[in-house]
Amino acid sequence: MAIPSPLELLFPPKCIICQKILTGRETICPECARALPVAAGAQVRHKVEFTEGCYAPFFYEEPLRSAFLRYKFSGREHYAKIFGKWMADCLTGQGQTDFDFVTFAPLSRLRRWRRGYDQAELLAKEIASHLNLPLVPSLTKAYRRPLSQLEGERSARSARVMGAYTLHKGVDMREKRILLVDDITTSGATLSECAQVLKFAGASEISCVTLARKRSK
């Protein structure tokens, strides 16, 4: 049996879903692991315009939703290690690892400064590490007052992100196979807009991965 470190004694590890203290080295308790809204089979991949498809290991439902919101808005940056591994495992399980590099849908500079980190960038770093791929920040986003994550028709959300992303100068996209990372897929408008910019710059194929997606009705 492993002896807890002094840091673990002061700050014992907690389940990232229910927040209960864990007694072992696991990152999630067995009860929460069984309760996760897992996407299985054909549900793992869904369509996103300008891409080969988007993969997501989970649906955006409880109990995962509350854990994700803590990650995004409450400074739980360390959740990225667990979420990123789940996303990388999803890609590996689907045989989707043959990419030239990993990139991500970024926050605007103002929103990143306010939050202190970019949640999609942290996920992309973990995925790139697990898949042994380079991470290449390639997009910039202009600041716009965002729609709520759960509000807005697809057409409204698409109009909202249209023209919001631009390519970094000097980034070579020609004939590249790219893995594009974001946190959650709702309408797919953000990923579609990012993919369109990358395609216009010469990317040959773009696949996407998110932690979770809104379940189709």
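Remember, predicted model here, so these are calculated numbers, not experimental data. (Residues numbered from 1 in each chain as written. Predicted model: local features only at pLDDT ≥ 70, side-chain atom pairs only at ≥ 80, totals over all residues. Heavy atoms only, no water.)

Enquirer: I'm lost on the side chain of Thr 103 in this one. Help?
Expert: Relative to the assigned elements, Thr 103 resides in strand β4 (residues 101-104). When its relative accessible area of 0% is taken as the criterion, Thr 103 is described as buried. Leave out the neighbours within four places in its chain, and Thr 103 touches Ala 124, Leu 135, Val 136, Pro 137, Ser 138, Ile 178, Leu 179, Leu 180, Val 181 and Leu 198. (Helix = DSSP H or I, 4+ residues; strand = E, 2+ residues; numbered from the N terminus. Buried < 20%, exposed > 50% of the residue type's maximum accessible area, 1.4 Å probe, protein only. Contact = heavy atoms within 4.5 Å.)

Enquirer: Any chance you could explain the packing of aromatic side chains here in plain terms?
Expert: The geometry of two aromatic rings is summed up by the distance between their centres and the angle between their planes. Counting across every chain of the model gives 7 aromatic pairs. The interplanar angle of 65° and the centroid separation of 5.3 Å between the aromatic rings of Phe 58 and Trp 86 together place this pair among those described as edge-to-face. Residue Phe 58 is located in strand β3 (residues 58-59), and its partner Trp 86 is located in helix α4 (residues 79-93); the two are separated by 28 residues in the primary sequence. Pair check on accessibility: Phe 58 and Trp 86 agree, each one buried. For the ring pair Phe 68 and Tyr 71, a centre distance of 6.3 Å and an interplane angle of 55° mean the geometry is tilted. Of this pair, Phe 68 and Tyr 71 both sit in helix α3 (residues 64-73), 3 residues apart, which is roughly one turn of the helix. The exposure classification of Phe 68 matches that of Tyr 71, with both residues buried. Ring pairing ties together the aromatic residues Phe 58, Tyr 60, Phe 68, Tyr 71, Tyr 79, Phe 83, Trp 86 and Tyr 117, which thus form one cluster. (Phe/Tyr/Trp six-rings, centres within 6.5 Å; stacked < 30°, edge-to-face > 60°.)

Enquirer: Teacher, can you tell me more about the sheet that holds strand β2 (residues 54-55) here?
Expert: Sheet strands line up and pair through hydrogen bonds in the backbone, either parallel or antiparallel. Strand order in this open sheet of 5 strands is β1-β2-β9-β7-β4, and the pairing throughout is mixed. Lying at the two open borders of the sheet, with one neighbouring strand each, are β1 (45-46) and β4. Of the strand pairs in this sheet, strand β7 (residues 177-181) and strand β9 (residues 205-209) are connected by 5 bridges, and their pairing is parallel. The partner of Leu 179 across the bridge, within β9, is Ser 207. In the packing of helix α8 (residues 189-200) onto the sheet, the strands contacted are β2, β4, β7 and β9, and the crossing angle to β9 comes to about 155°. (Pairing = 2+ DSSP bridges. Axes fitted to C-alpha atoms, helices over the stretch in contact; angles between N-to-C directions.)

Enquirer: Would you explain the nonpolar core in this entry?
Expert: Most often, soluble globular proteins have nonpolar side chains that are buried together. Counting residues in each nonpolar core, the largest one holds 45 residues, and the members touching the most others are Ile 17, Leu 64, Phe 83, Trp 86, Leu 179 and Val 181. By residue number, the principal contributor to this core is α4, which donates 9 residues. Excluding residues within four positions of it along the chain, Leu 64 makes contact with Ile 17, Leu 36, Pro 37, Phe 58, Phe 59, Phe 83, Trp 86, Leu 211 and Ala 212. Judged by nonpolar contacts, the second largest core, of 18 residues, contains Leu 180, Ala 195, Ala 203 and Cys 208. (Core = buried A, V, L, I, M, F, W, Y, C linked by side-chain atoms within 4.5 Å.)

Enquirer: When you look at the pattern of salt bridges in this model, what are you seeing that I'm missing?
Expert: Two side chains bearing opposite charge may form a pair once their charged atoms approach each other closely. In total, this model carries 10 salt bridges according to the counting rule given. A salt bridge links Lys 72 to Asp 183; the shortest N-O distance between them is 3.7 Å. With Lys 72 in helix α3 and Asp 183 in the loop between β7 and β8 (184-185), this residue pair connects regions lying 111 residues apart in the sequence. Accessibility expressed as a relative area gives 10% for Lys 72, which makes it buried. Look at Asp 183 and you get buried, because its relative accessible area is 3%. The shortest N-O distance in the salt bridge between Lys 85 and Asp 89 comes to 2.8 Å. You can see Lys 85 and its partner Asp 89 sitting in helix α4, 4 residues apart, about one turn around the helix. For Lys 85, a relative accessible area of 38% translates into the label partly exposed. Overall, Asp 89 belongs to the partly exposed group, its relative accessible area being 39%. Each of the salt bridges in this network shares a partner with another, and the network as a whole consists of Asp 98, Arg 177 and Glu 205. (Salt bridge = Lys/Arg side-chain N within 4 Å of Asp/Glu carboxyl O.)

Enquirer: Explain the confidence of the model for the protein to me, please; I cannot follow it from the model alone.
Expert: Any region with low pLDDT has predicted coordinates that should not be read closely. Scored by pLDDT, the protein comes out at a mean of 88, with 85% of its residues at no less than 70. Low pLDDT (under 50) marks residues 147-151, which in the prediction has 11 contacts with non-local residues, meaning those over four places away or in another chain. Contacts for the low-pLDDT stretch residues 155-160, under 50 throughout, to residues beyond four places or in other chains number 15 contacts. (pLDDT = per-residue confidence, 0-100.)

Enquirer: Sorry if this is basic, but what is going on with α8 here?
Expert: Taking 1.5 Å of rise per residue, 12 residues should cover 16 Å, and α8 covers 16 Å from first to last C-alpha, within 8% of that figure. Burial analysis of α8 places 9 of its 12 residues in the buried class, which makes it a mostly covered element. Restricting attention to buried positions, one finds in α8 the residues Ala 189, Thr 190, Leu 191, Ser 192, Glu 193, Cys 194, Ala 195, Val 197 and Leu 198. Residue Gly 202 follows α8 closely and has a positive phi angle near 115°. (Expected span 1.5 Å × (residues − 1).)

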